[in-house]
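Now for the letters of each chain:
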Amino acid sequence: MDGTNDANRSCKLHTRLRLWEFADRYIFEPIDGLADFYLSVSRANGSMNLVEELPSRSPSTNPKVRTVYGVIGVLKLAVGSYFLVITDRDCVGSYLGHAIYKVTGLKVLSCNKSPNTSSEQKKMESEISELLVAAERTMGLYFSYDINLTLNSQKLCDINDEFKSRPLWKQAEPRFLWNSYLLEPLIENKLDQYLLPVIQGSFQNIHAEVGSEKVDVTLIARRCTGRIGTRMWRRGADPEGYAANFVESEQIVQSKGYTASYVQVRGSMPFLWEQIVDLTYKPSFDVVRQEEAPRVLERHFNDLKKKYGSVLAVDLVNTNGGEGRLRERYAKSIEPILNDDLRYVHFDFHRICGHIHFERLSQLYEQIEDYLKKHGYLLLNEKGEKIQEQDGTVRTNCIDCLDRTNVTQSMIGRRILESQLQRIGVFSVSDTITKYPAFDASYKVLWANHGDAISIQYSGTPALKGDFVRYGKRSAQGILNDLQYSLARYYLNNFADGTKQDAMDLLQGRYITSVSRDMAAPTKAGYLESYASVRIAFALVSGALLFMMMSLRQARNDARHLLLSLLWAGLCIGITHFVRANGRVFTNRPRFHKSRD
């Protein structure tokens, strides 16, 4: 009996650790009663071992002490090792009865203080330090000490007790395990109690009273790490079929003892295409290696069918222009593999809904309603027994898979939720969410926050069209917010996301420390010139647009300003030509090759 308790105890993850920072080592002291050994980490080279006691202390040593809530992993580089630890956390709710935490503080601990460090290594460390600072600012990380957050409810129901008894990291779905690469050194050292699985995405929930019943709704986003990145730097799919900004969204409702779950996914159009930033507001779309599109698409959808069953691909991009060319490639490449388990529906969101008539999404719902009913959803009774399961999903995309996609997914989620609440007897057959204004308002905010979280991680700003998701209608303030977010995205895509992309590739192990594919290694002077060019280019574009808008506004009331407005319009056109010719020189682009696709 004691042996069984010890085995169970050895699989439990440490929830609180006291971190001692000695001159030569870090010591992680468990303070949750789960172990009698301490983890010692050398500050010279990152080597690890378990020890039975703390080093001797004296007034001269005076180690710094803090509480941490988990080790996310270890980043091993040529210049040394770096431990990522959680310094702050917030409990944001529960997943099937287990507490879920959000990482609100992340710290990188350097283990590279070897006296034999070369000048070349010190130079490399200086260059990497900027990326480590960016790594500490990583947003949207969630974890649980007790349940596998990488698996949706249906998959958790389908695994057996033997599988559930394994350490959490051994249960994890590799696609959604954000710190998979970082855990490898801890796995090699057999430190199961320190192996904390983390996802990136979103976790939102609401508690409402609907009539006489209590209803809890949880919305989880799980971002795939297969082609992780920022908006302009990760488009389309890679040759293995992993799509950029691929996110699994699970909506869970609990009421009257029942639990219902519905899963839908989003992701970039799954073939090889790119959109390289060049300071233009909307860089052109380029399809790469067109002949490979059918193979990549087939690989992507075969993987989806294995994981979710039947797939309905909903494509929301425009029919005309650059988006139209991508749509044609998508439709042409998917046509040969369409069958009863894979359907494709195109819905020109902007042409049909415009910027304000999102209620016209009902036209899309009419096209896909039969598929949604056929796919079903997971339903568990009061005993946790499966009454029904989901055997298909909707895969939605626009260009960014953010704004139009979130509006559409929220509509689908709402229809599914109404069906579930009718099924378990909270709603009557004719009831809709709008009949309960307080619940309706909370549900809209749930999806708006969900969309904002995904958008911030991919583009750097909240989602556009968020006012409709949040309030059910478009507003003048919402349209102004969209303009502000669009300008912010422009700036971030051109002048900030290169560093952010490098940091992501570093944490995922997809890098080698060399210069980028099309840039010479910059000198210090080159960095200064690049810094200046970025600011000058951005100032020119912003200034020209600002003065043109001011002049046009004045020209409405005073014909004498008409000439000035035309001059500024000409300047904008001139800058546009300059940008097209020189833009890529000024942008902040990733400096690392990828090496682990």
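Quantities reported herein were computed from a predicted structural model and do not represent experimental measurements. Residue positions are given per chain, counted from 1 along the sequence in the order it is written. The predicted nature of this model means local features are confined to residues of pLDDT at least 70 and side-chain atom pairs, given and counted, to a pLDDT of 80 or more, with totals for whole chains, interfaces and linings taken over all residues. Side-chain calculation: all heavy atoms of the structure are included, whereas hydrogens and water are not.

1. A look at the overall build of the chain
And step 1. Going along the chain from the N terminus, every DSSP run of H or I of four or more residues is numbered as a helix, and every run of E of two or more is numbered as a strand. From N to C terminus, the chain includes 17 helices and 20 strands.
And step 2. The buried label goes to any residue with under 20% of its type's maximum accessible area, the exposed label to any with over 50%, and the partly exposed label to all in between, with areas taken from a 1.4 Å probe on protein chains only. Split into buried and exposed, the 597 residues of the chain put 54% on the buried side.
And step 3. Look at the contacts in the chain between residues 6 or more apart in sequence, and 67% of them connect residues 24 or more apart.
And step 4. For every accessible area listed, the method is Shrake-Rupley and the probe measures 1.4 Å; residues are considered covered only by the protein chains on display. Here the chain displays about 27000 Å² of accessible surface, and carbon together with sulfur accounts for 51% of that area. For this analysis, residues touch if any pair of their heavy atoms sits within 4.5 Å.

2. A look at helix 6 (residues 180-188)
And step 1. Listed as buried for helix 6 are Tyr181, Leu182, Leu183, Pro185 and Leu186.
And step 2. In the core, the buried residues of helix 6 are packed alongside strand 4 (48-51), strand 6 (71-77), strand 7 (80-95), helix 5 (168-171) and helix 15 (497-508).
And step 3. The first or second residue beyond helix 6 is Lys190, which carries a positive phi of 55°.

3. Describing the sheet that holds strand 2 (residues 25-30)
And step 1. Should DSSP find at least two bridges between two strands, the strands are regarded as paired. If you trace the 5 strands from one edge of the open sheet to the other, you get 4-3-2-1-5, paired in antiparallel fashion. The sheet is open, and its two edges are formed by strand 4 and strand 5 (64-68), each paired on a single side. Strand-to-strand twist in this sheet, taken as the mean axis angle between neighbours without regard to direction, amounts to 25°.
And step 2. Pairing of strand 3 (residues 38-42) with strand 4 involves 4 bridges; the strand directions are antiparallel. Pairing of Tyr38 across the sheet is with Val51, part of strand 4. Simply put, an axis is a line fit to the C-alpha atoms, just over the touching stretch for a helix, and the angle between two N-to-C directions goes from 0 to 180 degrees.

4. Digging into the environment of Leu402
And step 1. Turning to its location among the elements, Leu402 is positioned in the loop between strand 20 (392-397) and helix 11 (403-423).
And step 2. Judged by relative accessible area, which is 0%, Leu402 ranks as buried.
And step 3. Setting aside anything within four residues of it in sequence, one finds Leu402 in contact with Asn245, Arg266, Ile454, Ser455, Tyr458, Ser459 and Arg489.

5. Points about the pattern of salt bridges
And step 1. Here, a salt bridge means any Lys or Arg side-chain nitrogen found within 4 Å of an Asp or Glu carboxyl oxygen. Throughout the structure, instances matching the rule amount to 25 salt bridges.
And step 2. For Glu173, the salt bridge identified is with Arg175, shortest N-O distance 3.5 Å.
And step 3. A relative accessible area of 12% means that Glu173 is categorised as buried.
And step 4. The class of Arg175 is buried, set by a relative accessible area of 6%.

6. Things to note about the packing of helix 11 against helix 12 (residues 437-459)
And step 1. One way to put it is that helix 11 packs onto helix 12 with a least axis distance of 10 Å and a crossing angle of 140°. The orientation of helix 11 with respect to helix 12, classified from their angle, is oblique. The two elements helix 11 and helix 12 meet at a crossing, and its hand is right-handed. Between helix 11, through Asn406, Gln409, Ser410, Gly413, Arg414, Leu417 and Leu421, and helix 12, the contact on the second element is made entirely by Phe439, Asp440, Tyr443, Lys444, Trp447, His450 and Gly451. Reported orientations rely on four angle classes, namely roughly parallel under 35 degrees, roughly antiparallel over 145, roughly perpendicular from 65 to 115, and oblique for the rest. By definition, any crossing whose near helix is turned counterclockwise from its far helix by less than a right angle is left-handed, and any crossing with a clockwise turn is right-handed.

7. Considering the nonpolar core
And step 1. Val217, Leu364, Leu421 and Phe439 are the most contacted members of the largest nonpolar core, which totals 44 residues.
And step 2. Broken down by secondary-structure element, the contributors of at least two residues to this core are strand 10 (198-210), strand 11 (213-223), strand 13 (258-266), strand 16 (310-315), helix 9 (349-353), helix 10 (361-375), helix 11 and helix 12.
And step 3. Among the elements that take part in this core, helix 11 stands out by supplying 6 residues, more than any other.
And step 4. In this view, Phe439 contacts Ile206, Ala208, Val210, Val215, Val217, Leu417, Leu421, Phe427 and Ile433; residues no more than four positions away in its chain are not counted. Nine residue types can take part in a nonpolar core, namely buried Ala, Val, Leu, Ile, Met, Phe, Trp, Tyr and Cys, and a core is a set of them joined through side-chain atoms within 4.5 Å.

8. Points about the packing of helix 7 (residues 293-308) against helix 8 (residues 321-334)
And step 1. Running from N to C, helix 7 and helix 8 cross one another at 70°; their axes reach a closest spacing of 9 Å. As judged from the angle between their axes, helix 7 and helix 8 are roughly perpendicular. Of the residues in helix 8, those touching helix 7 at Ala293, Pro294, Leu297 and Phe301 are Arg329, Tyr330, Ser333 and Ile334.
And step 2. Grouping the constituent residues of the contact of helix 7 with helix 8 by class yields 6 nonpolar, 1 polar and 1 charged. Ten residue types, Ala, Val, Leu, Ile, Met, Phe, Trp, Tyr, Cys and Pro, are classed as nonpolar, four, Asp, Glu, Lys and Arg, as charged, and the remainder, Gly among them, as polar.

9. Considerations on the pairing of strand 8 (residues 98-111)
And step 1. Judged from the 13 bridges that link them, strand 7 and strand 8 form a sheet pairing that is antiparallel. Each bridged residue has a counterpart across the sheet, and for Gly93 the counterpart in strand 8 is Ile100.
And step 2. Turn length for the strand 7-strand 8 hairpin, with the two strands adjacent in sequence and antiparallel, is 2 residues, and the turn residue Leu96 shows positive phi of about 50°.
And step 3. The sheet contact formed by strand 8 and strand 9 (residues 141-143) spans 2 bridges and is antiparallel. Within the sheet, the bridge partner assigned to Lys102 lies in strand 9 and is Tyr142.

10. Considerations on a nonpolar patch on the surface
And step 1. Each patch groups residues whose relative accessible area exceeds 30% and which form no salt bridge, using 9 Å between like charges and 5 Å between nonpolar side chains of Val, Leu, Ile, Met, Phe, Trp and Tyr. A surface patch of nonpolar side chains, amounting to about 290 Å² of accessible area, comprises Leu480, Leu483 and Leu487.
And step 2. Relative to the elements of secondary structure, Leu480 occurs in helix 14 (residues 476-495).

11. Points about the confidence of the model for the chain
As a general rule, the predicted coordinates of low-pLDDT regions are not to be interpreted in detail.
And step 1. Across the chain, the average pLDDT comes to 84, with 82% of residues at or above 70.
And step 2. For every residue, the pLDDT score states the predictor's confidence, bounded by 0 at the bottom and 100 at the top. Counting contacts from residues 512-535, a segment whose pLDDT is below 50, to residues more than four positions away or on other chains yields 26 contacts.
And step 3. This stretch, residues 551-556, has a pLDDT under 50; its non-local contacts, to residues over four places away or in other chains, come to 9 contacts.

12. As for the side chain of Asn152
And step 1. Considering the arrangement of structural elements, one finds Asn152 in the loop between strand 9 and helix 3 (153-158).
And step 2. Looking at Asn152, the relative accessible area reads 4%, which means it is buried.
And step 3. As used in this structure description, the phrase polar contact means that two N or O atoms lie within 3.5 Å; if the pair is within protein, one of them must be able to donate a hydrogen and the other to accept it, and residues adjacent in sequence are counted only when both atoms belong to side chains. There is a polar contact of 3.5 Å between the side chain of Asn152 and the side chain of Glu248.
And step 4. Not counting the four nearest positions on each side in its chain, Asn152 is found in contact with Tyr95, Arg222, Glu248, Glu250, Val263 and Tyr308.

13. Observations regarding the environment of Gln409
And step 1. Mapping Gln409 onto the fold places it in helix 11.
And step 2. Classification of Gln409 as buried rests on a relative accessible area of 0%.
And step 3. On a C-alpha basis, the gap between Gln409 and Ser249 in space is 8.9 Å, while along the polypeptide they are 160 residues apart.
And step 4. Sequence-distant contacts of Gln409, that is, excluding residues within four places in its chain, are made with Ser249, Gln264, Val265, Arg266, Thr396 and Trp447.

14. What about helix 15?
And step 1. Here the expected length of a helix is defined as 1.5 Å per residue gap, with one fewer gap than residues. The terminal C-alpha atoms of helix 15 lie 16 Å apart, and with 12 residues this matches the ideal 16 Å at 1.5 Å per residue to within 8%.
And step 2. Across the 12 residues of helix 15, 11 count as buried, placing the element largely inside the fold.
And step 3. Those residues of helix 15 not exposed but buried are Asp497, Gly498, Thr499, Gln501, Asp502, Ala503, Met504, Asp505, Leu506, Leu507 and Gln508.
And step 4. Once helix 15 finishes, Gly509 follows within two positions and takes phi at roughly 75°, a positive value.

15. What to know about unusual backbone geometry
And step 1. Backbone geometry places Lys190, a non-glycine residue, at a positive phi of 55°.
And step 2. Inspection of the secondary structure puts Lys190 in the loop between helix 6 and strand 10.
And step 3. Phi is positive for Asn245, close to 50°, though the residue is something other than glycine.
And step 4. When you line up the elements, Asn245 lands in the loop between strand 11 and strand 12 (247-255).
And step 5. The class of Asn245 is buried, set by a relative accessible area of 3%.

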